Amino acid sequence: MKKILLLGNGAREHVIAETFLRSADRPEIFVVGKTKNPGLAKLAMDYLLADVCDRDAIREFAHKVKPDFAFVGPEAPIAYGITDMLLEMGIKSASPLQTVGRLESSKSFTRNLLEKYAIPGNPKFKVFFSEDGIREFLESLEGNYVVKADGLKGGKGVKVSGDHLANMDEGGSYAKECILECGKVVIEEKFIGQEFSLMSFCDGDNTKDMPAVQDHKRAFDGDSGPNTGGMGTYSCANHSMPFLTESDLRQAADITRLVAKALKQETQSHFKGIMYGGFIAVKDGVRLIEYNARFGDPEAMNVLPLLKSDFVEICEAIISGDLNNVKIEFENKTTVCKYAVPNGYPDEPVKGEKIEIGEMPEGVRMYFGSVDEKEDGLYLAGSRAVAVVGIGDDVSAAEKLAEEGVSLINGPVFHRKDIGTKALIDSKVEMMKEVRGA
Ligand code: GLY
């Protein structure tokens, strides 16, 4: 029986643990997480309550557990070199080392990598170390720009003209703020189109893609309101998206394959783990918005329940560089995931309030996120609280199940009712038709 050290305590890590436990080996899972996730706690052999970047605590726990390998859920431990520390202890991870994890933690690293290795998908972009030339570059982009802080900012470092930045003065001020904080800033062209996530397993040489997923970042129905970590997602039975052509999906997969190769050449290190490309379909193909070096949250909850292959075997192949010899299959089903989040989320979420959860209908999966389990029940911990996933043969069946399930979470919470509905998906297809001029 294998032992796996899992870092993280959200809904993403809950589904990761569940997927590990479907493996033929029935491994033992040892969790490190800041709060006690009741779902993970049920699945874990042992659970260390500690920050996922607490080197001393993790070292001591890993020393005691002696895991066969580690898996990291969130981005911060990768950026802070926890996988490197584990490797020094002789523990390999199916998650990347810090140097290749820069794919997520440094926006300028990734843009420069694509440029240096002539990989398609980059926007017009420039990296600035001072304010010199910022105004001129913003003007050259005719006011359609994105300003990206060059570090991990929990999804809050990217600001887009028209959405968060009303004019070039605001764009320039935010860029200066980023330089003060991170030493540099990336400014790039803004794209118009439909975004999608394509996550791929990667062993440093080979990539194997998962079904594509679309996330919904805005807090409220109709894609309105402030940006969030992601309110919900859907994936389709054919593993593509209704607004993508076959060539779009192939282009995205090719970019990831080429980036893995370039990373190896550039760093002499293999990217081992999950390469999560945030792409956008535009008028004439696909562009890269950003890479993450981990599973998406909620995207992990769309794809992992569909994984027919053995996840422990996949992780071992990622570590040994043998991914091409493992058959990776996903069920041809549709999924819709909806998050119940605290009232006031994301700006002023209520915290410490009790929630009650009714019995989920058959076919519905539920994953605990930012909740605290106390003796008398479950309490909101301030971020996305509970994710509910409906799985069906078509999108309307999956959406109905997800909606039914998420409505059974009672307390000061809300969710988006429109994610996965035909009306919202049709509007995205129509938008892409307009963008393509079809
Ligand atoms: N779905 C957004 C993220 O995981 O970063």
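This text follows the structure it describes.
The written sequence of each chain sets the order in which its residues are numbered from 1. Only residues with pLDDT of 70 or above have their local features reported here, since the model is predicted, and side-chain atom pairs are shown and tallied only from 80 upward, although totals for entire chains, interfaces and linings are computed over all residues. No hydrogens and no water enter the side-chain calculation; it runs on all heavy atoms of the structure.

S.K.: An account of the nonpolar core is needed here, citing residue identities and associated values.
M.R.: Grouped together as the largest cluster of nonpolar side chains are 88 residues, with contacts concentrated most on Phe20, Phe71, Phe196, Phe201, Phe295 and Phe311. Throughout, a contact is declared for two residues whenever any of their heavy atoms are within 4.5 Å. Aside from chain neighbours lying at most four places away, what touches Phe295 is Arg12, Ile16, Phe71, Met199, Phe201, Met210, Ile274, Tyr276, Ala300, Val303, Leu304 and Phe311. The nonpolar core is taken to be a set of buried Ala, Val, Leu, Ile, Met, Phe, Trp, Tyr and Cys residues, with the residues joined through side-chain atoms within 4.5 Å. Accessible area is worked out with a 1.4 Å probe on protein chains only. A residue is then buried under 20% of its type maximum, exposed over 50%, and partly exposed in between.

S.K.: Provide a residue-level description of the pattern of salt bridges, including the pertinent values.
M.R.: By convention in these notes, a salt bridge is any Lys or Arg side-chain nitrogen within 4 Å of a carboxyl oxygen on Asp or Glu. Tallying each qualifying case throughout the model produces 34 salt bridges. For Asp150, the salt bridge is made with Lys184, and the minimal N-O distance between the two is 3.5 Å. Of this pair, Asp150 sits in the loop between β6 (145–149) and β7 (158–160) while Lys184 is found in the loop between α9 (168–182) and β8 (185–189), placing the two residues 34 residues apart along the sequence. Assessed through its relative accessible area of 9%, Asp150 is described here as buried. Numbering of helices and strands runs from the N terminus; a helix is a DSSP stretch of H or I covering at least four residues, while a strand is a stretch of E covering at least two.

S.K.: Can you tell me about the side chain of Ser370, naming the residues and giving the values?
M.R.: Among the secondary structure elements, Ser370 is positioned in the loop between β19 (364–368) and β20 (371–374). Non-local contacts of Ser370, meaning those with residues more than four positions away in its chain, are made with Tyr379, Leu380, Ala381, Gly382, Ser383, Arg384 and Ala385.

S.K.: Break down the packing of aromatic side chains for me, citing the residues and quoting the values.
M.R.: How two aromatic rings sit relative to each other is set out by the distance from centre to centre and by the angle between their planes. When two rings of Phe, Tyr or Trp (its six-membered ring) have centres within 6.5 Å they constitute a pair, described as stacked for plane angles under 30 degrees, edge-to-face for angles over 60, and tilted for the intermediate range. The tally for this structure, following the rule as stated, stands at 12 aromatic pairs. Considering the side-chain rings of Phe196 and Phe279, the 5.7 Å spacing of their centres and the 25° angle between planes classify their relative orientation as stacked. One end of the pair, Phe196, is in strand β9 (residues 194–202); the other, Phe279, is in strand β15 (residues 273–282), and 83 residues separate them in sequence. Here the two residues Phe196 and Phe279 agree in accessibility, since each one is buried. Taken together, Phe20, Phe69, Phe71, Phe201, Phe295 and Phe311 form an aromatic cluster joined through their ring pairs. The side chain of Lys159 reaches across the aromatic face of Tyr174, ending 4.7 Å from its centre. The positively charged end of Lys374 is found above the aromatic ring belonging to Tyr379, 4.7 Å away from the centroid. Charge-over-ring placement is defined geometrically: NZ (Lys) or CZ (Arg) within 6 Å of the ring centre, and within 35 degrees of the ring normal.

S.K.: Explain helix α14 (residues 422–436) to me, and be specific about the residues and the numbers.
M.R.: At 3.6 residues per turn, the α-helix brings residues three or four places apart onto the same side. With 15 residues, α14 should cover 21 Å at 1.5 Å per step; its first-to-last C-alpha distance of 21 Å lies within 8% of that length. Along α14, the residues classified as buried are Leu424, Ile425, Lys428, Val429, Met432 and Val435. Projected down its long axis, α14 carries its buried residues within an arc of 140°, all on one side. Seen from the open side of α14, the exposed residues pointing more than 90 degrees away from its buried face are Lys422, Ala423 and Glu434. Residues of α14 that are buried make contact with β9, β11 (214–215), β14 (232–235), β15 and α13 (395–406). Positioned one or two residues after α14, Gly437 has a phi angle of 75°, which is positive. Multiplying 1.5 Å by the helix residue count minus one yields the expected span of that helix. The arc under discussion is defined with respect to the helix axis, by the directions toward the C-beta atoms.

S.K.: Can you explain helix α6 (residues 98–105)? Please cite residues and give values.
M.R.: When α6 is considered as a whole, its buried residues turn out to be Val100, Gly101, Leu103, Glu104 and Ser105. Packed against the buried residues of α6 are α4 (76–79), α7 (107–116), α10 (246–267), β15 and β16 (285–292).

S.K.: So what's going on with the sheet that holds β7? Residues and values would help.
M.R.: Reading across from one edge, β5-β8-β6-β7 is the order of the four strands in this open sheet, with antiparallel pairing throughout. Each edge of the open sheet is held by one strand with a lone partner, namely β5 (125–128) and β7. Between one strand axis and the next, the sheet turns through 20° on average, direction left out of account. Strand direction decides the pairing type here: β5 and β8, joined by four bridges, are antiparallel. The residue of β8 that forms the bridge with Phe125 is Glu188. Angles run from 0 to 180 degrees between N-to-C directions of axes, and those axes are lines fitted to C-alpha atoms, restricted for helices to the stretch in contact. Running at roughly 20° to β6, α9 makes contact with β5, β6, β7 and β8 of the sheet. The pairing criterion for strands is at least two bridges between them, as found by DSSP.

S.K.: Outline the environment of Phe220, listing residues and values.
M.R.: Its place among the elements puts Phe220 in strand β12 (residues 218–220). Linking Phe220 and Ile419, residues 199 residues apart in sequence, is a C-alpha distance of 10.0 Å. Those residues in contact with Phe220 that lie beyond four places of it in its chain are Gly225, Pro226, Phe414 and Arg416.

S.K.: Provide a residue-level description of unusual backbone geometry, including the pertinent values.
M.R.: The residue after Asp297, namely Pro298, is reached through a cis peptide bond having omega 20°. Relative to the assigned elements, Pro298 resides in the loop between β16 and α11 (299–303). Positioned with a positive phi, Arg26 is a non-glycine residue whose angle comes to about 45°. With respect to the helices and strands, Arg26 occurs in the loop between α1 (11–21) and β2 (28–33). The phi torsion at Glu142 lies on the positive side, around 55°, for a residue other than glycine. Position of Glu142 among the secondary structure elements: in the loop between α8 (134–140) and β6.

S.K.: Now, about the sheet that holds β15: what can you tell me, with residues and values included?
M.R.: A sheet is described by the order of its strands in space; here four strands give the open sequence β10-β9-β15-β16, paired in antiparallel fashion. Since the sheet does not close on itself, it has two edges, and those belong to β10 (207–209) and β16, each with one partner. Across the sheet, the mean angle separating the axes of adjacent strands is 35° when strand polarity is ignored. The pairing of β9 with β15 spans nine bridges and is antiparallel. Bridged to Cys202 within β15 is Gly273.

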